[in-house]
Amino acid sequence: MAAPSSCRRTSPRLSLRMICAYALGSGVTDPEGVVTAFERVLTAHLGKLYRPPRPGPPDEEAERTERADAALRLSARGRSTR
């Protein structure tokens with residue numbers, strides 16, 4: 001049996017994979033990459049809602065979030081035209 005912390009990490013990823021498969025279809029070439037990108041974007045948006053803004057220029061995390069958001073949009077756009 002998996003450790004509780006492992007289950008807490010695995011369960012949401014499985015749910016996200018299922019949601020992505022439903023939303024984007026089964027032809028996604030990198031489902032794990034889509035899930036990772038979705039997690040990053042969701043975490044960033046929730047952080048904006050519930051954490052005070054950080055002073056200074058955008059950090060690497062913001063840049064990674066922007067790249068993840070662009071990848072998600074590209075995946076969704078590619079699926080919606082089929």
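What counts, and where the lines are drawn
- Residues numbered from 1 in each chain as written.
- Predicted model: local features only at pLDDT ≥ 70, side-chain atom pairs only at ≥ 80, totals over all residues.
- Heavy atoms only, no water.
- Helix = DSSP H or I, 4+ residues; strand = E, 2+ residues; numbered from the N terminus.
- Buried < 20%, exposed > 50% of the residue type's maximum accessible area, 1.4 Å probe, protein only.
- Contact = heavy atoms within 4.5 Å.
- pLDDT = per-residue confidence, 0-100.
- Patch = residues over 30% accessible without salt bridge, like charges linked within 9 Å, V, L, I, M, F, W, Y side chains within 5 Å.
- Areas by Shrake-Rupley, 256 points an atom, 1.4 Å probe, with all protein chains shown as cover.
- Salt bridge = Lys/Arg side-chain N within 4 Å of Asp/Glu carboxyl O.
- Core = buried A, V, L, I, M, F, W, Y, C linked by side-chain atoms within 4.5 Å.

Caption draft 1: Up close: the overall build of the protein chain. Along the protein chain, the regular secondary structure elements total three helices and zero strands. Helices and strands in the protein chain line up, N terminus first, as α-α-α. Taking all 82 residues of the protein chain together, the buried fraction comes to 18%. By sequence separation, contacts in the protein chain at least 24 residues apart represent 59% of the contacts at least 6 residues apart.

Caption draft 2: Local environment of the confidence of the model for the protein chain. Here the protein chain averages 76 in pLDDT, and 74% of its residues register 70 or above. The element-level mean pLDDT for the protein chain is lowest in helix H1 (residues 4–24), coming to 73, with helix H2 (residues 31–50) highest at 84.

Caption draft 3: Layout of the environment of Ala76. Mapped onto the secondary structure, Ala76 falls in helix H3 (residues 60–80). With 42 residues separating them along the chain, Ala76 and Val34 place their C-alpha atoms 9.8 Å apart.

Caption draft 4: The arrangement of a nonpolar patch on the surface in detail. A grouping of Phe38, Leu42, Leu46, Leu49 and Tyr50 is seen on the molecular surface, where their side chains present a nonpolar patch of about 550 Å² in accessible area. Mapping Tyr50 onto the fold places it in helix H2. Overall, the relative accessible area of 69% leaves Tyr50 in the exposed class.

Caption draft 5: A look at the pattern of salt bridges. On inspection of all chains with the given rule, the structure shows one salt bridge. Between Asp69 and Arg73 there is a salt bridge whose closest N-O contact spans 3.1 Å. Separated by four residues within a single helix, Asp69 and Arg73 lie in helix H3, roughly one turn from each other. We classify Asp69 as partly exposed; its relative accessible area is 24%.

Caption draft 6: Broad picture of the nonpolar core. Among the nonpolar cores identified, the biggest contains 10 residues, and these are Leu16, Cys20, Leu24, Val28, Val34, Val35, Ala37, Val41, Ala68 and Leu72. Taken together, the elements giving at least two residues each to this core come down to H1, H2 and H3. Per element, the largest residue contribution to this core is four residues, and it comes from H2. In this structure Val41 touches Thr65, Ala68, Asp69 and Leu72, once residues within four positions along its chain are discounted.

Caption draft 7: Focus on the side chain of Thr65. Inspection of the secondary structure puts Thr65 in helix H3. Excluding its chain neighbours within four sequence positions, the residues that come into contact with Thr65 are Arg40, Val41 and Ala44.

Caption draft 8: Here's a closer look at the environment of Glu39. Relative to the helices and strands, Glu39 is located in helix H2. Distance in space between the C-alpha atoms of Glu39 and Thr65 is 9.5 Å, their sequence separation being 26 residues.

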